[in-house]
Amino acid sequence: MRMILVHGINQQGKSSQKILDAWLGQLHKTYAIHGPDPLARLSRIEAAYYGDTLEALSSVKVPDQAIALGVEATVDDFDDFAVEALEEIALRLGVTQAQIQAQDQLTVVPQGAGIHKKWVKAIARAIETVSPLRGTLALRVLGQAHAYIRNQHVHDEVNKLVRPLFEDDEPAIVVSHSLGTIVAYSLLREFARNDRPRQSSLLLTLGSPLGIDSVRKGFAKPRTRPDNVQRWVNGADPEDFVALRAELTNDNFGPGIENYPDIDNGHDDPHSILGYLSDPRIARAIAQAIP
């Protein structure tokens with residue numbers, strides 16, 4: 001049994017080794033409290049790294065090209081993609097329509113820039129008024145998710161970097177965070193669809209944006225637990241706005257997903273992967289998957 005770590009947003013400037021050191025360092029600390037530590041029983045642990053590539057491709061204008069996943073509605077424009085999700089995030093954070101309307105009056109965009117662009121900026125600025133920095137972070141999350149889901153070139157370039165870790169026939173535990181949950185889910189679906197099992201005894205999705213409607217609809221139906229995944233555990237901090245829907249339910253991703261929607265990562269960074277890996281239930285799920 002081996003383990004694959006798949007990181008999320010804002011990891012540009014790092015490396016697979018830095019991801020590995022940080023995640024395993026926290027897991028060892030958690031097992032020191034809630035042990036025993038099972039990680040030595042794994043044949044190897046590898047961390048994917050695509051942060052620099054995704055940042056570069058989602059920060060520059062790459063021609064839009066919807067990926068061939070059979071999405072419910074092809075939306076190539078980021079503003080169309082983001083407006084619904086931002087409104088969901090704003091509501092989750094307690095932003096009122098009155099606050100958004102007030103920011104809308106202050107937001108100016110060039111004529112012809114798009115019917116939603118002004119509203120997207122207004123919502124982001126309203127989010128900032130109740131939660132500093134989260135408007136910016138929300139736009140980054142959605143920008144990188146949009147680039148991966150809706151642009152074939154970006155999708156292919158990211159998967160080119162992550163897929164080799166999934167190619168091995170040895171069963172793997174997959175621990176994914178944030179945008180990495182989208183990447184991991186996409187690859188596991190791809191292998192299952194092509195009858196290349198790549199068995200995973202455990203898929204962990206932590207702080208996942210998969211529940212955001214515009215993200216979820218980027219995957220063709222049926223959106224369910226891939227056949228090659230024996231156990232799917234999803235964890236979210238209620239204050240983690242990236243995990244907009246703390247539980248991945250039957251209505252969204254079918255039966256058989258275990259949810260821990262009450263993880264407490266503290267107030268400083270509810271989206272922190274280190275916080276998620278500190279939760280004894282998450283550590284226990286990993287331990288249970290290791291022979």
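Everything below is about the structure printed above this text.
The structure displayed is predicted, hence computed values, not measured ones.

Quick one: what's the story with the overall build of the chain, residue by residue and with numbers?
Of the regular secondary structure elements, the chain holds 12 helices and 6 strands. Relative to its full complement of 291 residues, the chain shows a buried share of 54%. At a minimum sequence separation of 6, the contacts of the chain that also span at least 24 residues come to 81%. Carbon together with sulfur atoms contributes 51% to the accessible area of the chain, which is approximately 12500 Å² in total.

Pulling in residues and values, what's your account of the pairing of strand 5 (residues 232–235)?
Here strand 5 shows two buried faces, one formed by Trp232 and Asn234 and the other by Val233 and Gly235. The sheet contact formed by strand 4 (residues 200–206) and strand 5 spans 4 bridges and is parallel. Looking across to strand 5, one finds that Leu206 is bridged to Gly235. Of the pairings in the sheet, the one linking strand 5 to strand 6 (residues 257–260) comprises 4 bridges and is parallel in character. For Gly235, the partnering residue across the bridge sits in strand 6 and is Tyr260.

So what about the packing of helix 7 (residues 152–167) against helix 8 (residues 179–193)? Which residues, and what values?
Look at helix 7 against helix 8: their axes get within 10 Å of each other, and the N-to-C directions meet at 70 degrees. The orientation of helix 7 relative to helix 8 falls into the category roughly perpendicular. Relative to helix 8, the crossing made by helix 7 is right-handed. Counting all contacts with helix 7, which are made through His155, Val158, Asn159, Val162, Arg163, Phe166 and Glu167, the residues of helix 8 involved are Val183, Ala184, Ser186, Leu187, Leu188, Glu190 and Phe191. Along the lines of polarity and charge, the residues of the contact of helix 7 with helix 8 split into 8 nonpolar, 3 polar and 3 charged.

Residue-level account of the packing of aromatic side chains, with values.
Taken as a whole and assessed by the stated rule, the structure comprises 4 aromatic pairs. Plain terms: the ring middles of Tyr185 and Phe219 are 5.1 Å apart, the flat faces sit at 75 degrees to each other, and that makes the pair edge-to-face. Of this pair, Tyr185 sits in helix 8 while Phe219 sits in the loop between helix 9 (213–216) and strand 5, and the two are 34 residues apart along the sequence. You can call Tyr185 buried: its relative accessible area is 0%. Accessibility expressed as a relative area gives 2% for Phe219, which makes it buried.

Break down the nonpolar core for me, with residues and values.
The biggest cluster of nonpolar side chains holds 51 residues, and the ones touching the most others in it are Phe166, Ile182 and Trp232. Put simply, the parts of the chain that give this core at least two residues each are strand 1 (2–6), helix 2 (51–59), helix 3 (78–92), helix 5 (117–130), helix 6 (134–150), helix 7, strand 3 (172–177) and helix 8. It is helix 8 that provides the largest number of residues to this core, a total of 8 residues. In this structure Ile182 touches Ala145, Tyr148, Ile149, Pro209, Leu210, Val215 and Phe219, once residues within four positions along its chain are discounted.

Give a description of the side chain of Thr30 that names residues and reports values.
Structurally, Thr30 is set in helix 1 (residues 16–34). Residues within four places of Thr30 in sequence aside, it is in contact with Gly35, Leu277, Ser278, Asp279 and Ala283.

Now, about the pattern of salt bridges: what can you tell me, with residues and values included?
The final tally for this structure, using the stated rule, is 9 salt bridges. Note that Glu258 is salt-bridged to Arg231, the shortest N-O span being 2.8 Å. Here the residue Glu258 occupies a position in strand 6, and Arg231 occupies one in the loop between helix 9 and strand 5, the gap between them amounting to 27 residues. Accessibility expressed as a relative area gives 30% for Glu258, which makes it partly exposed. Here the salt bridges share partners, and the residues they tie into one network are Arg2, Arg44, Glu46, Asp168 and Glu170.

Can you explain helix 7? Please cite residues and give values.
The sharpest bend along helix 7 reaches about 40 degrees and sits at Leu161, with the proline Pro164 one to four residues further on. The complete set of buried residues in helix 7 reads Gln152, Val154, His155, Val158, Asn159, Val162, Leu165 and Phe166. One side-chain oxygen at the N-terminal end of helix 7 lies 3.0 Å from the backbone nitrogen of His153; it belongs to Asn151.

If you had to explain the environment of Leu142 to someone new, which residues and values would you point to?
Mapped onto the secondary structure, Leu142 falls in helix 6. Of the residues examined, Leu142 reaches a relative accessible area of 1% and is grouped as buried. In this structure, the C-alpha to C-alpha distance between Leu142 and Ser214, residues 72 residues apart in sequence, is 9.4 Å.

Any details on the sheet that holds strand 2 (residues 45–47)? Residues and values, ideally.
As summarised here, the arrangement of the 6 strands in space is 2-1-3-4-5-6, forming an open sheet in which the pairing is parallel. The two strands at the open ends of the sheet, each matched to only one other strand, are strand 2 and strand 6. Across this sheet, the average inter-strand angle for adjacent strands is 15 degrees, counted without regard to direction. In terms of strand pairing, strand 3 meets strand 4 through 6 bridges, oriented parallel. Within strand 4, the position partnered with Ala172 by the bridge is Ser200. Its contacts with the sheet place helix 1 against strand 1, strand 2 and strand 3, and it is angled at close to 125 degrees to strand 2. Helix 7 contacts strand 1, strand 2 and strand 3 of the sheet and is inclined by roughly 165 degrees relative to strand 1.

What counts as what
Residues numbered from 1 in each chain as written. Predicted model: local features only at pLDDT ≥ 70, side-chain atom pairs only at ≥ 80, totals over all residues. Heavy atoms only, no water. Helix = DSSP H or I, 4+ residues; strand = E, 2+ residues; numbered from the N terminus. Buried < 20%, exposed > 50% of the residue type's maximum accessible area, 1.4 Å probe, protein only. Contact = heavy atoms within 4.5 Å. Areas by Shrake-Rupley, 256 points an atom, 1.4 Å probe, with all protein chains shown as cover. Pairing = 2+ DSSP bridges. Axes fitted to C-alpha atoms, helices over the stretch in contact; angles between N-to-C directions. Parallel < 35°, antiparallel > 145°, perpendicular 65-115°, else oblique. Left-handed = near helix turned anticlockwise from the far one by under 90°. Nonpolar A, V, L, I, M, F, W, Y, C, P; charged D, E, K, R; others polar. Phe/Tyr/Trp six-rings, centres within 6.5 Å; stacked < 30°, edge-to-face > 60°. Core = buried A, V, L, I, M, F, W, Y, C linked by side-chain atoms within 4.5 Å. Salt bridge = Lys/Arg side-chain N within 4 Å of Asp/Glu carboxyl O. Bend = angle between axes of the 7 residues up to and from the residue. Polar contact = N/O pair within 3.5 Å; in protein donor to acceptor, adjacent residues only side chain to side chain.

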